[in-house]
Amino acid sequence: MKIKTLILASILFSSTTLKAESFMAIMGGGGEPQGNSTIFDSTMKTLGKNLKGTDWQYQISFNGGHADTEQLMSSEYPTPVAPVSNFTPENYKKMIEEYKARILLGDIKSGDQLMIIMNTHGAAKVGNKKTHSVAASGGAATDLNNLSGTKLVSMDDLEELVKLTNEKGIRLGLVDLSCHSGNTMALKKDAPNTCIITATGPNHYGYAGDSAFSGQLMKNLKKGTTLEMAFLNARADTRDAAYPMISTDEGEEITAEVYASITPYLYYYDPKADKLTDYMLKNSSDCITCMRDQQFTALFSQIDRLQAAARGTKKGYNGEELKKLLLDYKRQQDEILRTANSIGALAVNKKEVFSAPIMLNGKKVRDWSVDFTWGQMLNLEPDKTLANLAKYRADKKRSALEIAQDDAIFQVWTQIKKKQQEIITNFPNLKTAKEDGKKLVQQIGNNRDTAEKIALQEKKFYDELYRQKQSMNVDDPCRKIVF
C-alpha cells in the first residue's frame, strides 16, 4: 500500500522549502570485480535522469576502472559542479572536507538542503565503530559481510559533517543504500535536522537493481517529492528480504518494536550470501531462544492489534498470511535448533573464561586470564604448554614477578586441560559438530523464496503500522527535504 496522504504535509511547507538551495554528493560503486560495468549502474542511471530539470547542485565520486560506468557518469550526469572523481578513500575524505568548508564559508547556509547518497557495498559493523564501513574503489569484495578484498571507508567519517549541518540549520538527507546500512542510523543522535534513509537493517544484506529498494528509491526521487514520500513508496514496492529504515519518529518507533523480532525470518541459506547458518549456530543459547520466543509472541500480538485497528477502514489490513509464513518458518528453524543441540553443534561456540591470580609476597598483583570457545579448546595442546611452562619456572634467573606470573599461567592451563578432558568425554562428536550443524541448515535448501515472501508481507505490515502511527509533524526533516 502506498501512502499518498503525505502529499498534504509537503504542501504545507513547500513554499518555504523550494526557496532553499539544494546540494548533493553522490558516492559509491566500490568493491566491484573487473569488467565494464557495476551492479549499481542501473540505479545510478535512474538517479541521473531524475536530476535533470531540477535545481540540485551535485558532485560525484563514483567507482573507477569500469568503462561503461564511467561513460554513464558523463552521459547521465552532464552538469556536476566539479569533475567526476573515482571513489577512493582519499577522494571520499576530500569531498567531506570540501562540504564542511563550504558550510563554514557560508556557501551552504541555514535553510539550504544537502543530500548525501552512498550507493556501494557495505560491511557489517565491527569493533568500536559507530556506524559501519563501505567499499571504495580498489579491489573486489570477496566476502559480503566484511568486504575483504577491497578498500574500505567508514561512514563514521560523516559524523562531523552531520553535526556541522545541524549546528548551521542546514537540512541534511543521508541515504545509505549499502548492505548493513541500518548501522548508519547511529548518526541521527542529536541531529534534529537530519533525515537518514537506509536500504536495510544493521544485520541484513541490501540488494542492487531496479526492483530492489535502491532502485525503487531512485525511481521515486522525483522533483517535488519529500524524502519520506519517496521512502514509503519505494519500501512498499520492494520485493526482496531487506529491511529499509527511515529516521522519522514513526520509523524509529517501528524499528524498536519490530526489527529484532522479525530479523531471524528475513535470513535464508545461500552458499554465497548466507546469514542463516551463522545466526542458528551462534545466537541460539537457551537464554536467546527464550527471548526469541517472547519476541515472536509479541510480534503476533502486534499483527493482531494492527489488524483489529484497521477493521472498518477503506482497505483494512489482513495479517493472516504474514502470521502463517512466520509460524511455518519458525517451526522449521526450531527443528534445526533441536537437532543441532542434540549433536552439540551449538556447544562449539560456548565460551569459557579461565583465570588465576598473580601473587607476589602474599598479595594479588592482578589476574591472568584467557578465554576460548569449546571449539577452539579442542585444538589446544595443554600438555605441551604445561611442559614448556615447567621449564620456564625452573629458570632461577627470572624476576620474582615473572615467576609469579608463570605460576598463574600454569594454574590457568591446568584448568584448561581439565575442562578439555571434560568436553571430550561428554561431547565425543564435538569436533565434527559445527560442520554437522552447517549441514543441518543446508538441508532446508535455498529458502530465499521463503524469506522474500515474509518480507513482502512485512512491507504491507510496516506500511499499515506507519500509517496508523503517522503524525503531521511538518518539522521532521524527512518531510522538509524535497527532491
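About the cut-offs
Residues numbered from 1 in each chain as written. Predicted model: local features only at pLDDT ≥ 70, side-chain atom pairs only at ≥ 80, totals over all residues. Heavy atoms only, no water. Axes fitted to C-alpha atoms, helices over the stretch in contact; angles between N-to-C directions. Helix = DSSP H or I, 4+ residues; strand = E, 2+ residues; numbered from the N terminus. Parallel < 35°, antiparallel > 145°, perpendicular 65-115°, else oblique. Contact = heavy atoms within 4.5 Å. Left-handed = near helix turned anticlockwise from the far one by under 90°. Nonpolar A, V, L, I, M, F, W, Y, C, P; charged D, E, K, R; others polar. Pairing = 2+ DSSP bridges. Salt bridge = Lys/Arg side-chain N within 4 Å of Asp/Glu carboxyl O. Buried < 20%, exposed > 50% of the residue type's maximum accessible area, 1.4 Å probe, protein only. Right-handed = clockwise from strand over helix to strand, strands pointing away. Phe/Tyr/Trp six-rings, centres within 6.5 Å; stacked < 30°, edge-to-face > 60°. Lys NZ or Arg CZ within 6 Å of the ring centre and 35° of its normal. pLDDT = per-residue confidence, 0-100.

This part takes up the packing of helix 2 (residues 41–51) against helix 6 (residues 213–220). It is at 8 Å that the axes of helix 2 and helix 6 come closest, and there the two elements cross at 10 degrees. By the angle between their axes, helix 2 is roughly parallel relative to helix 6. Listed contacts from helix 6 to T43, M44, T46, L47 and N50 of helix 2 are S214, G215, M218 and K219.

At a minimum axis distance of 8 Å, the contact between helix 6 and helix 7 (residues 227–236) shows a crossing angle of 135 degrees. When the interaxial angle is binned, helix 6 and helix 7 end up oblique. As helix 6 runs across helix 7, the sense of the crossing is right-handed. Residues F213, Q216, L217 and N220 of helix 6 form the contact with helix 7, whose participating residues are A230, F231, N233, A234 and R235. Broken down by class, the residue content of the contact of helix 6 with helix 7 amounts to five nonpolar, three polar and one charged.

Next up on the list: the sheet that holds strand 1 (residues 22–28). As summarised here, the arrangement of the six strands in space is 2-1-3-6-7-8, forming an open sheet in which the pairing is mixed. Each end of this open sheet is capped by a strand with a single partner; those strands are strand 2 (57–62) and strand 8 (245–246).

In total, this model carries 32 salt bridges according to the counting rule given. The shortest N-O distance in the salt bridge between D334 and K330 comes to 2.9 Å. One end of the pair, D334, and the other, K330, are both in helix 11 (residues 320–342), four residues apart, so they sit about a helical turn from each other. Assessed through its relative accessible area of 9%, K330 is described here as buried. Look at the salt bridges and you will find they share partners, linking R292, D293, K330 and D334 into a network.

Right, let's talk about helix 5 (residues 159–167) for a bit. Considered for burial, the residues of helix 5 that qualify are L161, V162, L164, T165 and N166. Residues of helix 5 that are buried in the fold lie against helix 4 (89–105), strand 3 (113–119), strand 6 (171–176) and strand 7 (194–198).

What follows deals with the pairing of strand 1. For strand 1, a buried count of seven out of seven residues is recorded, marking the element as mostly surrounded by other parts of the structure. Of the two faces of strand 1, the one holding S22, M24, I26 and G28 and the one holding F23, A25 and M27 are both buried throughout. Of the strand pairs in this sheet, strand 1 and strand 3 are connected by seven bridges, and their pairing is parallel. Bridging across to strand 3, F23 finds its partner in L114. In terms of strand pairing, strand 1 meets strand 2 through six bridges, oriented parallel. Residue pairing in the sheet places I26 in a bridge with I60 of strand 2. One crossover worth recording links strand 1 to the parallel strand 2 by way of helix 2, and it is right-handed.

We now examine helix 2. Because an α-helix completes one turn every 3.6 residues, residues spaced three or four positions apart along the sequence face the same direction. Regarding helix 2, the residues found buried are D41, T43, M44, L47, G48, N50 and L51. Phi for G53, located one or two positions after helix 2, is positive at around 85 degrees.

Any aromatic ring pair is given by two values, namely how distant the centres are and how the planes are angled relative to each other. Considering all chains together, one arrives at 14 aromatic pairs under this definition. Relative to F296, the ring of Y265 has its centre 5.7 Å away and its plane inclined at 65 degrees; by these criteria the two rings are edge-to-face. With Y265 in the loop between helix 8 (249–262) and helix 9 (276–282) and F296 in helix 10 (residues 286–309), this residue pair connects regions lying 31 residues apart in the sequence. Among the residues examined, F296 registers a relative accessible area of 7% and is labelled buried. A network of ring pairs unites the aromatic residues F213, F231, Y243, Y259, Y462 and Y466 as a single cluster. In this structure, R235 is placed above the aromatic ring of Y243, and the distance from its NZ or CZ to the ring centre is 4.7 Å.

Another aspect to go through is the environment of L104. As for its position among the elements, L104 is in helix 4. Once the C-alpha coordinates of L104 and T165 are considered, the two residues, 61 residues apart in sequence, prove to be 9.7 Å apart. Sequence-distant contacts of L104, that is, excluding residues within four places in its chain, are made with L164 and K168.

What follows covers the confidence of the model for the protein chain. For the protein chain, per-residue confidence averages 88 on the pLDDT scale, and residues scoring 70 or more make up 89% of the total. The model gives residues 1–18 a pLDDT under 50, and that stretch makes 35 contacts with residues more than four places away or in other chains.

Here we take up the pairing of strand 9 (residues 351–360). The pairing of strand 9 with strand 10 (residues 363–373) spans ten bridges and is antiparallel. In the sheet register, F354 faces strand 10, and the bridge partner there is V370.

One non-glycine residue, N63, adopts positive backbone phi at about 55 degrees. Tracing the chain through its elements places N63 in the loop between strand 2 and helix 3 (67–76). With relative accessibility at 2%, the residue N63 sits in the buried group. One non-glycine residue with positive phi stands out, namely D190, at about 60 degrees. Residue classification places D190 among the exposed positions, given a relative accessible area of 70%.

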